[in-house]
Amino acid sequence: MTGNLYRGQAGLPFSSTLRVYEPLEAFPEEQRPAIQAAGARTASRAAVENAELLASLGRITRSGGDPFPTGRTDLVRVTTAPAAQDGASDGGADAEPVLLYCPSQLVLRAGLAANALMEGIHGPLAELLIPEEQRDKHQERIDQVKARDGSIRVHTRASTWGIPFSWFSLFMESDHKDVVEAAGRILTVRVWAPITEALERARYAVANLALAAPDLDMLDDLAQLTEWLEQFHMESMVELDYGAVADKVYPDDSPMDIRLGIECLAEGDMTGAAAAYRRLASRWIPIRQLARAS
């Protein structure tokens, strides 16, 4: 891995992502050759992360005032199915690995992010930063993608300055983890779960919170998360990629704290639930406060 971009030294906000990787057959038949070809060009995971970050920095510094991606060089991340990762497939060590794909879909995601920014409290500022002409131009790109690909599932969710607590409900301490380190720093931590297990955990959390704490904001987040995951192929994998924030919080017990907090709420143990929340808050509130630091 070269350069400091991927190491979180570019002065950018901490960014974490939740991704869904699907088998090739989950995609429309006409999209499969392009996805497979883009996946085959992936030299390494670090190369993909660096290329995506370099492209984003290039967009915000290019002339013309258009910060949106064009989609001409959309990237695809690739991983293997759970059995292949664990070396436990029926075919033994020589079995062909089952590849799973997560397209970046930057055109669609940039449009969704811009809309959220325009509708938020910083809408007037966003209008200055993203001229209406450029927003209209990007909407044309989105319309072209939708006309070409039809119904589209967005495979990636992103969060800056911390990870939404609802995301942790999808994972457990025993799930497979990749800890990526260099020069004595943790570059990122990636946690994996089969989508069937992630959905089961999310539904458990929704059911218990709906009974024990129906006014909790996390309940709405979890319900939306569950609906999102239900769009995907049942042989998919879900990945939580901490990004550069991992160096600040890992080892991280947040999945366990979320699970214990929900279990305590379901059992009426408010003391236990409060203790779990305090552990989460002490870990993540300092990270979120960085968003307002000068």
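As a reminder, the structure under discussion sits directly above these lines.
First, a word on what this report is: a plain description of the structure on this page.

**Observations regarding the side chain of Thr 17**
Checked against the element boundaries, Thr 17 lands in strand S1 (residues 15–23). Thr 17 gets classed as buried once you look at its relative accessible area, which sits at 8%. A polar contact is formed between the side chain of Thr 17 and the side chain of Arg 19, at a distance of 3.1 Å. With residues up to four places along the chain from it excluded, the contact list for Thr 17 reads Thr 156, Arg 157, Ala 158, Trp 167, Glu 239, Leu 240 and Asp 241.

**Regarding the pattern of salt bridges**
Here the structure, examined in full by the defined rule, presents 18 salt bridges. Across the pair Arg 45 and Glu 239 runs a salt bridge whose closest N-O atoms are separated by 2.9 Å. Linking Arg 45 in helix H2 (residues 45–61) with Glu 239 in strand S7 (residues 237–241), this pair joins segments that are 194 residues apart in sequence. Just as Arg 45 is buried, Glu 239 falls in that class too. One salt bridge in this structure joins Arg 283 and Asp 257, with 2.9 Å as the shortest N-O distance. Linking Arg 283 in helix H12 (residues 270–289) with Asp 257 in helix H11 (residues 254–266), this pair joins segments that are 26 residues apart in sequence. The buried category is assigned to Asp 257, whose relative accessible area is 1%. Residues joined by salt bridges that share partners form a network here, namely Arg 19, Arg 45, Glu 49, Glu 52, Arg 77, Arg 190, Glu 239 and Asp 241.

**Concerning unusual backbone geometry**
The linkage connecting Tyr 250 with the following residue, Pro 251, adopts the cis geometry, with an omega of 5°. With respect to the secondary-structure elements, Pro 251 resides in the loop between helix H10 (246–249) and H11. Backbone geometry at Gln 105 places phi at a positive 55°, although glycine is not the residue there. Relative to the elements of secondary structure, Gln 105 occurs in the loop between strand S3 (99–103) and helix H4 (106–119). Overall, Gln 105 belongs to the buried group, its relative accessible area being 11%.

Definitions and limits used
Residues numbered from 1 in each chain as written. Predicted model: local features only at pLDDT ≥ 70, side-chain atom pairs only at ≥ 80, totals over all residues. Heavy atoms only, no water. Helix = DSSP H or I, 4+ residues; strand = E, 2+ residues; numbered from the N terminus. Buried < 20%, exposed > 50% of the residue type's maximum accessible area, 1.4 Å probe, protein only. Polar contact = N/O pair within 3.5 Å; in protein donor to acceptor, adjacent residues only side chain to side chain. Contact = heavy atoms within 4.5 Å. Salt bridge = Lys/Arg side-chain N within 4 Å of Asp/Glu carboxyl O.

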